[in-house]
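So the chains spell out like this:
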Amino acid sequence: MFLTKQHLTMARTLALAIATLGLGACATYDDEFAGINSRLDQLDTRVQSAAQSAEAANQSAQQANQRLDQIEGRVQQLEAAPRREPRG
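Novice: What is the right way to read the overall build of the chain from this model?
Specialist: Helix and strand counts for the chain come out as one helix and zero strands. Rg of the C-alpha trace for the chain: 38 Å, well past the compact-globule value of 12 Å for 88 residues, more than 25% over. If one aligns the C-alpha atoms of the chain with their principal axes, the spans along those axes are about 125 × 25 × 15 Å. Relative to its 88 residues, the chain shows a buried fraction of 0%. Surface exposure of the chain reaches about 8600 Å², of which carbon and sulfur atoms provide 58%. The centroid of the 9 positive side-chain charges in the chain is displaced by 3 Å from the centroid of its 10 negative side-chain charges.

Pasting the structure below:
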């Protein structure tokens, strides 16, 4: 079966229609990707904020541990000291 001019025209028209529909679908996906990227950016901002909060909490905990270490020697010294007799 040989392709006639009518068949070639119909094939070109069909190919053009398929290409047009395909490109139209790409625009839809572009919108979806933009929405997904926006949500990912929001999540990234939240994660960075949480990481900064965690770092600040870690630094506060380290400072508290240093203060405890500083007074630990004094507490041990007081506990080891002989009991004083009450006056009176």
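Picking up where we left off.
Novice: Can you help me understand a nonpolar patch on the surface in this one?
Specialist: A surface patch of nonpolar side chains, amounting to about 510 Å² of accessible area, comprises Tyr29, Phe33, Ile36, Leu40 and Leu43. The class of leucine 43 is partly exposed, set by a relative accessible area of 45%.

Thresholds, definitions, all that
Residues numbered from 1 in each chain as written. Predicted model: local features only at pLDDT ≥ 70, side-chain atom pairs only at ≥ 80, totals over all residues. Heavy atoms only, no water. Helix = DSSP H or I, 4+ residues; strand = E, 2+ residues; numbered from the N terminus. Rg over C-alpha atoms; globule rule 2.2 N^0.38 Å. Buried < 20%, exposed > 50% of the residue type's maximum accessible area, 1.4 Å probe, protein only. Areas by Shrake-Rupley, 256 points an atom, 1.4 Å probe, with all protein chains shown as cover. Lys, Arg positive; Asp, Glu negative; His and termini not counted. Charge placed at Lys NZ, Arg CZ, Asp CG, Glu CD. Patch = residues over 30% accessible without salt bridge, like charges linked within 9 Å, V, L, I, M, F, W, Y side chains within 5 Å. Salt bridge = Lys/Arg side-chain N within 4 Å of Asp/Glu carboxyl O.

On their own, these measurements won't tell you what the molecule is for.
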